[in-house]
Amino acid sequence: MTVLHDLPGLRPVVAALEETRIVQMVQYGIGRQGLIPLWVGEGDVPTPDFAREACDKAIRDGRVFYGRQRGLPELREELAAYMSRIHGAAVDADRVTVTTSGMGGIMLTVQALIEPGDEVAVVTPVWPNIMSAVAVMGGRPVPVPLAEGNDGWRLDLDRLAAAIGPRTKAVFVNSPSNPTGWTIDRDAMRAVLRLARERGVWLIADEVYTRLVYDAPLGGRAVAPSFLEVATPDDRLIVVNSFSKNWAMTGWRLGWLTTHPELSPVIEKLVQINTSGTPEFVQMAGLVALREGEPFLAAMLERCRRGRDIVLRGLADVPGVTVTPPAGAFYAFLRVAGVTDSLAFAKALVDRANVGLAPGSAFGPGCEDRLRLCFASSAERLEEAMRRLAPALAEMAPRA
Ligand SMILES: Cc1ncc(COP(=O)(O)O)c(C=O)c1O
């Protein structure tokens, strides 16, 4: 760890926190004329009107006071009904806590579980904030890399089992995955759950991209498998969710946790000392998004599917570049053979092609030859990005 700050009294673990490499990239390229930014995890579609209008109305109606720490009861009820509906497994509102974003939910989770020296087995590649959240609590994230083969990304259960030691407090699984798009199937979920039960560790499931899966029948309801479908309420399971990605609400900072029912009051106490609750007018937008958002979710998925096709087609014939078609989420995690410094390479791509990608090294070990591209954008924007990227990558990819 590089120590970046030496102010007296600062906790060493906090002093050592680095800007994520995604942020470093944004800092490098931001403000360049004509740059196409595909480096962060959000699209170019604003939040749908029905959610914005609900928020407007809530403010005008005076919903501007402190609210319930666990969230509006009607939103918790609606979330429980929504999860029960999409996952076909009854989820009680007692298990639901509204959080100030998915990230906020992750921080509440690690605050509840992680003591200094505890380990968390984290399936990687993974969004870097997960690792940092564990580290900030004094915990040690232990990467468990997915294997990439001809049939896509795969979780090696023996490898996961081997990563669980006497100090392991939890296993962290993000599916659909940022950045790989790997989407765990039900058999693997059952096996992971079995392992967590056997070893007596918590299972933290980050399911913020649940509604973005590409093998769903066209026109049908797309839903990734959830650990809620295979677990019982008594399992030591925490499911992290968010309105950010599926409903295009990244700026609203609205998410929710689904937990063991006895954990809800504990999380509630932590909400009290973190944020003291999520603004009611924001929650009202979430409520309406759940009630009216299905057509928007379908349109969002189709937009991402189109984006995915454009990117996969655009990269198909670029020498030295390979990419496993993502099964879910909205990223392509491409590999450029021979690259040894993904941050330097991504910066050079900005200079050469004026397209911003995230460096693979942000997402864990073994990713120095990778770049992440977010394809939740308009077809025109992605077509132009690929027109620039394909020749640049072909020219810049190191030759064997
Ligand atoms: C895997 C994963 N989990 C959680 C989050 C947090 O989402 P938010 O804090 O916007 O709700 C993100 C955002 O990029 C993510 O990719």
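Please read all numbers here as calculations on a predicted model, not as lab measurements.

## Concerning the pattern of salt bridges
Where charged atoms from two side chains of opposite charge come close, those side chains can pair. For the structure shown, the criterion picks out 22 salt bridges. With its nearest N and O atoms 3.8 Å apart, the salt bridge here joins Arg52 to Asp49. One end of the pair, Arg52, and the other, Asp49, are both in helix 3 (residues 49-60), 3 residues apart, so they sit about a helical turn from each other. Given a relative accessible area of 39%, Arg52 falls into the partly exposed group. Using a relative accessible area of 48% as the deciding quantity, one classes Asp49 as partly exposed.

## What about the site of the ligand?
Taken together, 14 residues lie around the ligand, and Gly102, Asp206, Ser242, Ser244 and Lys245 are the ones closest in. In the complex, the protein chains occlude 95% of the 390 Å² of accessible area that the ligand would expose alone. According to the grid-proximity analysis, the pocket containing the ligand is the second largest pocket. Residue contributions to the shell around the ligand peak at 3 residues, all from helix 5 (residues 102-113). Residues belonging to the shell around the ligand are distributed by class as follows: 5 nonpolar, 6 polar and 3 charged.

## Quick look at the sheet that holds strand 11 (residues 321-322)
Strand order across the open sheet formed by 4 strands is 11-12-15-14, with antiparallel pairing between neighbours. Whereas interior strands pair on both sides, the edge strands pair on one side only; in this sheet they are strand 11 and strand 14 (358-359). Note: strand 14 against strand 15 (residues 370-374), 2 bridges, orientation antiparallel. Within strand 15, the position partnered with Pro359 by the bridge is Leu371. Where helix 13 (residues 342-353) meets the sheet, its contacts fall on strand 12 (331-336), strand 14 and strand 15, and the angle it forms with strand 15 comes to roughly 50 degrees.

## A look at helix 5
Turn by turn, an α-helix covers 3.6 residues, leaving residues three or four places apart pointing in a common direction. Taking 1.5 Å of rise per residue, 12 residues should cover 16 Å, and helix 5 covers 17 Å from first to last C-alpha, within 8% of that figure. Residues Gly102, Met103, Gly105, Ile106, Leu108, Thr109, Val110 and Leu113 constitute the buried set of helix 5.

Rules behind the numbers
Residues numbered from 1 in each chain as written. Predicted model: local features only at pLDDT ≥ 70, side-chain atom pairs only at ≥ 80, totals over all residues. Heavy atoms only, no water. Salt bridge = Lys/Arg side-chain N within 4 Å of Asp/Glu carboxyl O. Helix = DSSP H or I, 4+ residues; strand = E, 2+ residues; numbered from the N terminus. Buried < 20%, exposed > 50% of the residue type's maximum accessible area, 1.4 Å probe, protein only. Near = heavy atom within 4 Å. Areas by Shrake-Rupley, 256 points an atom, 1.4 Å probe, with all protein chains shown as cover. 1 Å grid on protein atoms, 1.4 Å probe; cavity = no way out; pocket = protein on both sides within 12 Å on 5 of 7 lines; lining within 4 Å. Sits in = over half its atoms within 2 Å of the grid points. Nonpolar A, V, L, I, M, F, W, Y, C, P; charged D, E, K, R; others polar. Pairing = 2+ DSSP bridges. Contact = heavy atoms within 4.5 Å. Axes fitted to C-alpha atoms, helices over the stretch in contact; angles between N-to-C directions. Expected span 1.5 Å × (residues − 1).

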